[in-house]
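A look at the structure
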Amino acid sequence: MYCVQPITPEILYVGGSDRRLTLFENTYPLSRGVSYNAYLVLDEKTVLMDTVDWAIGERFFENLTHALEGRTLDYVVVNHMEPDHAATLGELLRRYPDVQVVGTAKTMAMIGQFFGMDLAGRGITVKEGETLTTGRHTFTFYMAPMVHWPEVMVTYDNTEKVLFCADAFGTFGALNGNLFADEVDFPRDWLAEARRYYANIVGKYGAQVQALLKKAAGLEIAMLCPLHGPIWRKDIGWFVDKYQTWSTYMPEEQGVMIACASIYGHTEQAAEVVANRLAQHGVRNIALYDLSHHHVSEMVSEAFRWSHLVLASATYNNGLFTPMENLLLDLKAHNFQNRTVALMENGSWAPQAGKLMREAVDGMKNMRILEPSITIKSASGEDQRPALEALADAIIADLKG
Ligand code: FEO
């Protein structure tokens, strides 16, 4: 059965949601699924904006057939070739043999790579600022390389002031009938997953996101249509501000994330003393995590959120305890920067974690390490409380500063 909704009188939502997928990109856990958005513009010519993952391929083709109401499909605009959107493109080209494919030169090359297809006369390669008029609508194409792949572009509908923005402004999470961000409680129910999506999928490419935001700032935008998650037509500036913060690697909130990689709990116990001291001196934004119990993508997302990090890790195999090693590798891979960090290490006979965490943090841009760093030998006793409180006090002073 089809499931199509109009988002304007001439633009229809023809995508759908996958609530069965457990790992997005076979890596990122999903607790609430994900949507693959696709849009059909019914003009004098018909224009499809992107396709979908095969998981919802059957529903997508039903939607498209219904929405076309017997008309042919004239154009498919491919803003992004990652298979979560383009897996069904090959089948679309077989079902609609006369459709013209609009995309960048890299998109055309990837169509050959993924589908072994030569578009031979069916491809319209576009460059920055080029346009396509389909009747009442004129679309302008803006290149957005590395948001999140090199072939990415976004498409601006000059007529309805709609920006089809590819992966930008997307989020994990299946849609629940409501298509628009203003129909749900986005800050309460969606922001954490939007942040996790941003940090892990495009977090590495802050400079490229900045370039796209600058282009978007020159457009009058009535609606943002991403490839995942709700559509934006109100309070667009609120979400753009989030992207501004995240893409410049600035903290979203003043507060302290305490990340513990603790084998038997002694490192975590010492970290709790720090958390309690912070709380007793008025710090309210404290998030203490046992890294073994959270997927690293969630911890990367939280690191993008907070201004201060306490990294507390046991030594393991003469290196870092694996959950901390994974977090630091992932933060580095996502170009994480601009934070203040405090370090706590544990080691019963040869503590190494402090040195290794310091090296990892020093390998990131614009990071500052607060002193004193803490070394725990197996477990902290009362004799170590002054040092732990001194560390908390240094964080409090820095927060106030
Ligand atoms: Fe949603 Fe980069 O694909």
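A quick note: this is a predicted structure, and the numbers were derived from the prediction, not measured.

The rules behind these values
- Residues numbered from 1 in each chain as written.
- Predicted model: local features only at pLDDT ≥ 70, side-chain atom pairs only at ≥ 80, totals over all residues.
- Heavy atoms only, no water.
- Domains from an automatic or database assignment.
- Contact = heavy atoms within 4.5 Å.
- Buried area = accessible area lost by both parts, 1.4 Å probe.
- Salt bridge = Lys/Arg side-chain N within 4 Å of Asp/Glu carboxyl O.
- Polar contact = N/O pair within 3.5 Å; in protein donor to acceptor, adjacent residues only side chain to side chain.
- Helix = DSSP H or I, 4+ residues; strand = E, 2+ residues; numbered from the N terminus.
- Buried < 20%, exposed > 50% of the residue type's maximum accessible area, 1.4 Å probe, protein only.
- Pairing = 2+ DSSP bridges.
- Axes fitted to C-alpha atoms, helices over the stretch in contact; angles between N-to-C directions.
- Patch = residues over 30% accessible without salt bridge, like charges linked within 9 Å, V, L, I, M, F, W, Y side chains within 5 Å.
- Areas by Shrake-Rupley, 256 points an atom, 1.4 Å probe, with all protein chains shown as cover.
- Expected span 1.5 Å × (residues − 1).
- 1 Å grid on protein atoms, 1.4 Å probe; cavity = no way out; pocket = protein on both sides within 12 Å on 5 of 7 lines; lining within 4 Å.
- Points joined across faces, edges and corners; volume = space filled by probe spheres on them.
- Nonpolar A, V, L, I, M, F, W, Y, C, P; charged D, E, K, R; others polar.

Moving on to the domain arrangement of the protein chain. How big an interface is tends to be reported as the loss of accessible area on association of its parts. Per the domain assignment, the segments of the protein chain are domain 1 (5–247) and domain 2 (257–396). Its C-alpha centre places domain 1 at a distance of 38 Å from the equivalent point of domain 2. Taken together, the 12 residues of domain 1 in the interface contact 11 residues of domain 2. Summing both partners gives a buried area of about 960 Å² for domain 1 against domain 2, and 56% of it is carried by carbon and sulfur. Inspection of the domain 1/domain 2 interface yields zero salt bridges. Joining domain 1 to domain 2, the criterion identifies six residue pairs in polar contact (both at pLDDT 80 or more). Looking at the side of domain 1 that touches domain 2, the elements that each hand over two or more residues are β5 (28–29) and α6 (191–202). Take the side of domain 1 that touches domain 2: its biggest share by element is six residues, from α6.

With the rule as written, the count across this model stands at 20 salt bridges. A salt bridge links R188 to D185, with the shortest nitrogen-to-oxygen separation between them at 3.7 Å. In this structure R188 comes out as exposed when scored by relative accessible area, which is 62%. Taking the shortest distance from any N to any O, the salt bridge between R305 and E253 comes out at 2.9 Å. Of this pair, R305 sits in helix α10 (residues 296–305) while E253 is found in strand β17 (residues 253–261), placing the two residues 52 residues apart along the sequence. Looking at R305, the relative accessible area reads 21%, which means it is partly exposed. For E253, a relative accessible area of 25% translates into the label partly exposed. Taken together, the shared-partner salt bridges connect E10, D43 and R136 into one network.

Right, let's talk about the sheet that holds strand β10 (residues 100–103) for a bit. Taken together, the seven strands give an open sheet; going across it, the order is β1-β2-β7-β8-β9-β10-β11, and neighbouring strands pair in mixed fashion. Among the strands making up the open sheet, the edge pair consists of β1 (5–8) and β11 (123–125). For this sheet, the mean angle separating the axes of adjacent strands, direction not counted, is 25°. Summarising the sheet, β1 and strand β2 (residues 11–13) pair through three bridges and their orientation is antiparallel.

Nonpolar side chains collect at one region of the surface, where I263, Y264 and Y316 lie side by side and expose about 350 Å² of accessible area between them. Relative to the elements of secondary structure, Y264 occurs in the loop between β17 and α9 (266–280). When its relative accessible area of 73% is taken as the criterion, Y264 is described as exposed.

Burial runs high along β17: seven of the nine residues are buried. Sheet analysis places β17 next to strand β19 (residues 306–316), joined by seven bridges and oriented parallel. Considered in β19, the bridge of A259 is made with L311. The sheet contact formed by β17 and strand β18 (residues 286–290) spans five bridges and is parallel. Considered in β18, the bridge of V256 is made with I286.

A few words now on α6. The terminal C-alpha atoms of α6 lie 16 Å apart, and with 12 residues this matches the ideal 16 Å at 1.5 Å per residue to within 8%. Counting buried positions along α6 gives 11 out of 12 residues, so the element sits mostly inside the fold. Listed in full, the buried residues belonging to α6 are L191, E193, A194, R195, R196, Y197, Y198, A199, N200, I201 and V202. Those residues of α6 hidden inside the fold are in contact with β4 (23–24), β5, α5 (186–189), α7 (206–217), α8 (236–247) and α10.

This paragraph deals with empty space enclosed by the protein. A complete count under the given rule lists one cavity of 30 Å³ or more for this structure. Lining the largest cavity we find D50, T51, V76, V78, H80, H85, A86 and L89. Residue composition of the lining of the largest cavity, by class: four nonpolar, three polar and one charged.

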